[in-house]
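For reference, the chains in residue letters:
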Amino acid sequence: MSSNRRDFFTKLSSLSAGIFAGRGLLSAQQPKNAQGGMDQMEHMQQPSPKQPSKQVRVGPGVNTSGVAVGTLLVTTPDVADLPFTMDNGVKVFHLIAEPVKQVIVPGRTFDLWGFNGSAPGPTIQASEGDRVRIVFDNHLPEPTGIHWHGLELPNEMDGVPGVGQKPVMPGERFVYEFPLHQDGTFFYHPHMAMQEMVGMLGGFIIHPKTPYTPPVDKDYLIALQEYAVLPNSTIPNSMSMEFNWLTFNGKSGPASTPLIIRHGERVRIRIINMGMDHHPIHLHGFTFWETGREGARQRESAWTRGNTTLVGVAQARDVEFVADRLGDWMLHCHLPHHMMNQMASTVGPMTRVGRGMQAGASMEDGMGMLRDGNATSENRGPSLGRALGVGSSTEMQMTNGPLSQSEAKNAMANMPGMDHGAMQEMSGMSMPKLPENADKVPLFPQDAFMEGPMMAMDKDVDKPETYGLPPGWSGFVGGMMTLVRVMPPDKYDKVMELKDQQRGNGAR
Ligand SMILES: [Cu+2]
């Protein structure tokens, strides 16, 4: 746990009196086994990214704070919910904009700006008819303001610095308060373009007064973000228009926590996007209904079927499906460059010339104004392809296309910014057997050194949700990618048992 996060929880505990009062209110009236033995947890508990919140259906007769009867709370894998207290019928949240350390994958921690210790920030959950107060503190070194994306609210609460309100200066507090009359999948972000590019996004779910039908058994939120971070840096280049780290809820595969589904359950996945790219999110094995978009659930007659939904920048898309097919199914952005992590630079013949690659080039070159060579020439290709570092120079004076297993291991271990400890513990490191003349085949290598056993890090991403996956699985999961694991009851129960144990061990 990062110290930032620890601070976050410490700060939270100072609010605990109100939180626990609220928690009791809900849990006391929550029926046992509301989901037929499925896991349950109170809304206001604060899970850590390592321990995503369980889902709970609030039981009959409960409508204490605007949460409608039958409401299933949304789970944001790897991201906490923002707790709240009640003040004379108003739901009060405390949101803090601040620099954060976000672990994208084991061994790679980025300096981002986020909220309450994470990027994306914690998910706000409220209900149609609620009045919410969001006490917002700006702990950033520059002015900001929070925009409630898609909400129909008074202009002065819309969070546009310099127009609807004064900018919230560093160290200042601004209190947003407004009623919620909509329902659906929304989000919050600063109305400051560059701040949006460095992590500042969070989900805002408004549950309907009358529950959606048919009801779902699992309801998830996934936030899409992207960063351009050179191998020797922890700071995203917010000016870049190409990205080498693509995240679901602040994690790149294989670090993103799989969604655990019991066979036969109906599942909703809500996806929100804030970045420079539109992402075609694809689900294997099922044809889903697209049931909602930002700001509204659609009438059933307007639902469309498919297996890929294009989530454009600033958009939200909700999809639903019945998980009637067992297995570990991929859920991922289908842009090929968005299905891999940093090592994507180990592509193509330019990696084999013996003197490495440029990470970036001048703005002119980076934008593709060629003066010599072609787009994949040995000194041009990587710069054009990545455009990560304006004005940067050669990043590594060595080939980064490994020639043998030991060379690969050494090259990676010596890479600046690489966590050497995590590196040594990587399991299942072995090179694929390749033809002797592979180097002579145009385009080689493409995936030979990027995916598969060599890149596996099973142990580092081990958690209850990865139980029973085949050895080396993690080497084939990268970028905006996670697993929808549809399990038979016994296996599902086993994962839930492991999660209970994890909680029992005091793991955060
Ligand atoms: Cu994408």
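Quick notes on the rules
- Residues numbered from 1 in each chain as written.
- Predicted model: local features only at pLDDT ≥ 70, side-chain atom pairs only at ≥ 80, totals over all residues.
- Heavy atoms only, no water.
- Helix = DSSP H or I, 4+ residues; strand = E, 2+ residues; numbered from the N terminus.
- Buried < 20%, exposed > 50% of the residue type's maximum accessible area, 1.4 Å probe, protein only.
- Contact = heavy atoms within 4.5 Å.
- Areas by Shrake-Rupley, 256 points an atom, 1.4 Å probe, with all protein chains shown as cover.
- Phe/Tyr/Trp six-rings, centres within 6.5 Å; stacked < 30°, edge-to-face > 60°.
- Lys NZ or Arg CZ within 6 Å of the ring centre and 35° of its normal.
- Pairing = 2+ DSSP bridges.
- Axes fitted to C-alpha atoms, helices over the stretch in contact; angles between N-to-C directions.
- Donors = N, O, S within 2.8 Å, 3.2 Å for Na, K, Ca; no water.
- Polar contact = N/O pair within 3.5 Å; in protein donor to acceptor, adjacent residues only side chain to side chain.
- pLDDT = per-residue confidence, 0-100.
- Salt bridge = Lys/Arg side-chain N within 4 Å of Asp/Glu carboxyl O.
- Core = buried A, V, L, I, M, F, W, Y, C linked by side-chain atoms within 4.5 Å.

K.L.:
So what's going on with the overall build of the protein? Residues and values would help.
P.N.:
Counting its secondary structure elements, the protein contains eight helices and 21 strands. Here the protein holds 508 residues, and the buried ones make up 56% of them. Intrachain contacts of the protein at a sequence separation of at least 6 include 73% that bridge at least 24 residues. Looking at the protein as shown, the accessible area adds up to about 20500 Å², and 54% of this sits on carbon and sulfur atoms.

K.L.:
I'd like to hear about the environment of Met330, residue by residue, with values.
P.N.:
Turning to its location among the elements, Met330 is positioned in strand S20 (residues 327-333). Sequence-wise, Met330 and Gly285 are 45 residues apart; in three dimensions their C-alpha atoms are separated by 8.3 Å. Apart from residues lying up to four places away in sequence, Met330 is in contact with His282, Leu283, His284, Phe476, Val477, Met481, Thr482 and Leu483.

K.L.:
Any chance you could break down the packing of aromatic side chains for me, citing the residues and the numbers?
P.N.:
What describes a pair of aromatic rings is the distance from one ring centre to the other and the angle between the planes of the rings. Under the definition given, this model contains 13 aromatic pairs. Between Phe286 and Trp329, the ring centres sit 5.7 Å apart and the planes meet at 75°, which makes this aromatic pair edge-to-face. With Phe286 in the loop between strand S14 (279-283) and strand S15 (288-293) and Trp329 in strand S20, this residue pair connects regions lying 43 residues apart in the sequence. Joined through ring pairs, the aromatic side chains of Phe115, Phe136, Trp148, Phe174, Tyr176, Phe178, Tyr188 and Phe204 make up one cluster. Here Lys91 stacks its cationic end above the ring of Phe84, 4.8 Å away from the centre of that ring. Taking the ring centre of Trp289 as reference, the NZ or CZ of Arg305 above it sits at 4.6 Å.

K.L.:
Mind laying out the sheet that holds S20, listing which residues take part and the relevant values?
P.N.:
Here we have five strands laid out as an open sheet, ordered S12-S21-S20-S14-S18, and mixed in their pairing. Bordering the open sheet on either side are strand S12 (259-262) and strand S18 (308-311), each of which pairs with just one other strand. Each strand of the sheet is rotated relative to its neighbour by a mean of 20°, with strand direction disregarded. The pairing of S12 with strand S21 (residues 481-487) spans four bridges and is parallel. In the sheet register, Arg262 faces S21, and the bridge partner there is Met487. Along the sheet face, helix H8 (residues 489-504) touches S12 and S21 and points at about 135° away from the line of S12.

K.L.:
So, the coordination of the copper ion: which residues are in play, and what are the values?
P.N.:
All of the protein donors around the copper ion are His279 (ND1), Cys333 (SG) and His338 (ND1); their distances to the metal are 2.0 Å. Look at where the donors of the copper ion fall in the sequence and you get H-x53-C-x4-H. There is no split in this pair, since Cys333 and His338 are both buried.

K.L.:
Mind laying out the side chain of Glu226, listing which residues take part and the relevant values?
P.N.:
Of note, Glu226 is situated in strand S10 (residues 218-227). For Glu226, the side chain forms a polar contact with the main-chain nitrogen of Met276, separated by 2.7 Å. A polar contact is formed between the side chain of Glu226 and the backbone nitrogen of Asp277, at a distance of 2.9 Å. Setting aside its immediate chain neighbours within four residues, Glu226 contacts Met197, Phe243, Trp245, Leu246, Gly275, Met276, Asp277, His279 and His338.

K.L.:
So what's going on with the confidence of the model for the protein? Residues and values would help.
P.N.:
Scored by pLDDT, the protein has a mean of 76; 66% of the residues are at 70 or more. Between residues 415-429, whose pLDDT stays under 50, and residues either more than four places distant or in other chains, the model counts 35 contacts.

K.L.:
How would you sum up the pattern of salt bridges? Please name residues and give values.
P.N.:
A full pass over the atoms with the stated rule returns 18 salt bridges. Residue Glu265 pairs with Lys218 through a salt bridge whose shortest N-O separation is 2.8 Å. On the criterion of sequence distance, the pair formed by Glu265 in the loop between S12 and strand S13 (266-273) and Lys218 in strand S10 is long-range, its members being 47 residues apart. This pair shows no difference in class: Glu265 is buried, exactly as Lys218 is. We note a salt bridge from Arg266 to Glu320, for which the minimum N-O separation is 2.8 Å. Of the two residues, Arg266 sits in strand S13 while Glu320 sits in strand S19 (residues 316-322), which places them 54 residues apart along the sequence. We note that Arg266, like Glu320, is buried.

K.L.:
Kindly report on the nonpolar core, identifying the contributing residues and their values.
P.N.:
Counting residues in each nonpolar core, the largest one holds 26 residues, and the members touching the most others are Ile134, Trp148, Leu151, Tyr176, Phe178 and Phe204. Looking at this core, the elements that each hand over two or more residues are strand S2 (90-105), strand S4 (121-127), strand S5 (131-138), strand S6 (146-149), strand S7 (173-179), strand S8 (184-190) and strand S9 (202-207). Apart from the residues lying within four places of it in its own chain, the contact partners of Phe204 are Ile124, Val132, Ile134, Trp148, Leu151, Leu180, Gly184, Thr185, Phe186 and Phe187. If you look at the next biggest cluster of nonpolar residues, it comprises 23 residues, including Ile261, Val267, Leu283 and Cys333.

K.L.:
Explain the environment of Gly479 to me, and be specific about the residues and the numbers.
P.N.:
Looking at the element boundaries, Gly479 is found in the loop between helix H7 (420-425) and S21. What makes Gly479 buried here is its relative accessible area of 0%. Distance in space between the C-alpha atoms of Gly479 and Asn244 is 8.4 Å, their sequence separation being 235 residues.

K.L.:
Tell me about the pairing of S13, and name the residues and values.
P.N.:
Where burial is concerned, most of S13 is hidden: eight out of the eight residues are buried. Along S13, one buried face is formed by Arg266, Arg268, Arg270 and Ile272 and the opposite face, lined by Val267, Ile269, Ile271 and Asn273, is buried too. In this sheet, S13 lies alongside S10 in parallel orientation, the contact comprising seven bridges. Within the sheet, the bridge partner assigned to Leu221 lies in S13 and is Arg270. Strand direction decides the pairing type here: S13 and S19, joined by seven bridges, are antiparallel. Looking across to S19, one finds that Arg270 is bridged to Asp318.

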